[in-house]
Amino acid sequence: MNTSPEFAAQLIAAIPGLRAFGVSLTAKADRADDLVQETMLKAWKHHDSFEPGTNMKAWLYTILRNEFYSQIRKRKREVEDADGVYASRVAVQGAQLGHLDMADMRTALAQLPEDQREAIILVGASGFTYEEAADICRVAVGTIKSRVSRARMRLTEILALNPAEAPRPEKGEDGSSARTAA
Amino acid sequence: MAEIHDNGRKSGKNSKTKAAKMPGFQPHNPIHDMLGQKLKAYYAEIASEPIPDRLTALLAKLEAQSATGDGLADGADGEER
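Given the structure is predicted, the values throughout are model-derived calculations rather than measurements.

Visitor: When you look at the overall build of chain A in this model, what are you seeing that I'm missing?
Guide: Tallying secondary structure elements over chain A gives nine helices and zero strands in all. Reading chain A from its N terminus to its C terminus gives the helix and strand order α-α-α-α-α-α-α-α-α. Expressed as a percentage of its 182 residues, the buried residues of chain A come to 34%. When contacts within chain A are restricted to residue pairs at least 6 apart in sequence, long-range pairs at least 24 apart make up 57% of them.

Visitor: Is there a simple way to explain the nonpolar core in this structure?
Guide: One broad trend across soluble globular proteins is that nonpolar side chains are buried collectively. Residues and elements named next belong to chain A. Residues Leu18, Leu60, Leu64 and Ala133 are the most contacted members of the largest nonpolar core, which totals 44 residues. The greatest single-element share of this core, amounting to eight residues, is contributed by helix H1 (residues 5-26). Among all residues touching Leu64, those that are not within four sequence positions of it are Leu18, Phe21, Gly22, Leu35, Val36 and Thr39.

Visitor: Please explain the environment of A:Glu38 as it appears in this structure.
Guide: Here A:Glu38 shows up in helix H2 (residues 29-45). On the basis of neighbour counts, which here come to 20 C-beta atoms within 10 Å, the residue A:Glu38 falls in the buried class.

Visitor: It is not clear to me how helix H3 (residues 56-74) of chain A should be interpreted in this structure. Could you clarify?
Guide: Residue and element names in this part refer to chain A. Spanning 19 residues, H3 covers 27 Å between terminal C-alpha atoms, matching the ideal 27 Å at 1.5 Å per step. Buried residues of H3: Trp59, Leu60, Tyr61, Ile63, Leu64, Arg65, Glu67 and Phe68, and no others. Residues of H3 that are buried in the fold lie against H1, H2, helix H7 (114-125) and helix H8 (130-137).

Visitor: Please clarify how the packing of H7(A) against helix H2 (residues 30-47) of chain B should be interpreted in this entry.
Guide: Axes are the key here: two packed helices are described by the angle between their axes and the distance separating the axes. Look at H7(A) against H2(B): their axes get within 9 Å of each other, and the N-to-C directions meet at 95°. With respect to H2(B), the axis of H7(A) lies roughly perpendicular. On H2(B), the residues that touch A:Ile120, A:Gly124 and A:Ala125 of H7(A) are B:Gly36, B:Leu39, B:Lys40, B:Tyr42 and B:Tyr43. Looking at the contact of H7(A) with H2(B) residue by residue, the class counts come to five nonpolar, two polar and one charged.

Visitor: Help me understand H2(A) in this model?
Guide: At 3.6 residues per turn, the α-helix brings residues three or four places apart onto the same side. Here H2(A) is 17 residues long and its end C-alpha atoms lie 24 Å apart, about the 24 Å a rise of 1.5 Å per residue gives. Of the residues making up H2(A), those classed as buried are A:Ala32, A:Asp33, A:Asp34, A:Leu35, A:Val36, A:Gln37, A:Glu38, A:Thr39, A:Met40, A:Ala43 and A:Trp44. Looking at the packing, one finds that the buried side of H2(A) touches H1 and H3 of chain A together with helix H3 (53-67) of chain B.

Visitor: Mind showing me how you'd approach the environment of B:Gln65 here?
Guide: Residues and elements named next belong to chain B. Summarising the element assignment, Gln65 is placed in helix H3. Taking the C-beta count within 10 Å as the criterion, Gln65 has 18 such neighbours and is therefore assigned partly exposed. Sequence separation of Gln65 and Ala44 is 21 residues, and the distance between their C-alpha atoms is 32 Å.

Visitor: What is the right way to read the packing of H8(A) against helix H9 (residues 141-158) of chain A from this model?
Guide: Residues and elements named next belong to chain A. The N-to-C vectors of H8 and H9 enclose an angle of 105°; their axes lie 8 Å apart at closest approach. Considered as vectors, H8 and H9 are oriented roughly perpendicular to each other. Facing H8, whose interface residues are Tyr130, Glu131, Ala133, Ala134 and Cys137, H9 presents Val141, Ile144 and Lys145. Of the residues belonging to the contact of H8 with H9, the class tally is six nonpolar, no polar and two charged.

Conventions we followed
- Residues numbered from 1 in each chain as written.
- Chains lettered and ligands numbered in written order.
- Predicted model: local features only at pLDDT ≥ 70, side-chain atom pairs only at ≥ 80, totals over all residues.
- Helix = DSSP H or I, 4+ residues; strand = E, 2+ residues; numbered from the N terminus.
- Buried ≥ 20, exposed ≤ 12 C-beta atoms within 10 Å, placed from the backbone.
- Contact = placed C-beta atoms within 7 Å.
- Core = buried A, V, L, I, M, F, W, Y, C linked by C-beta atoms within 7 Å.
- Expected span 1.5 Å × (residues − 1).
- Axes fitted to C-alpha atoms, helices over the stretch in contact; angles between N-to-C directions.
- Parallel < 35°, antiparallel > 145°, perpendicular 65-115°, else oblique.
- Nonpolar A, V, L, I, M, F, W, Y, C, P; charged D, E, K, R; others polar.

It is worth stressing that arrangement in space is one thing and function is another; only the former is reported here.
Right under this line is the structure:
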């Protein structure tokens, strides 16, 4: 059966986000591109199993994530090595991108356990809901919530985020709107 | 048909301090905002990189195969090491 142009268009549209997810998981751009490549091939091959009208982005992220973990299983030794030098590689890649903030975030993310890293990336950066992230990771919603919460605490610690340096809420013209929820 | 899981229907909804448990009711946390902004910026930065040629080439190949009704040929992942 042929794939529809719409399927291809949605696939193209998802590539930048998939790459960012891949880089977040692997901390390596070339490995991320391998993952995206595999994801595209698998998505294309199994496009029949995608139900039109459902969330294609979540479907693609699920494929990429599965691919990531199956590669890890295959290359166990390489992964052990990668874990050991993760932070230093991350620093190099960050520098290459030329932003101090980027390097900081990469290094910080690299220090999180894998399950927390993917949870905070899916919810905090990719824009998935807790429910979607739970589907992608095949765990309960509560599990994702607690992983995200722990990841937030760890990242706040690692990045030494300081409330005094937090940007003021934009809508707070009189400086009081931040408290309206209380 | 997939069943919809309604998370709100589980036990314990009745007695607990309801308002404090309501999603979106958390007091404003500037640190979370800050972290959220940094995470999104990090992600957006990677996502804004140009798509590597090999991926656009792969897509073109897949589309061409699909158009000719070939399905997925084995050579599609030519760059595998």
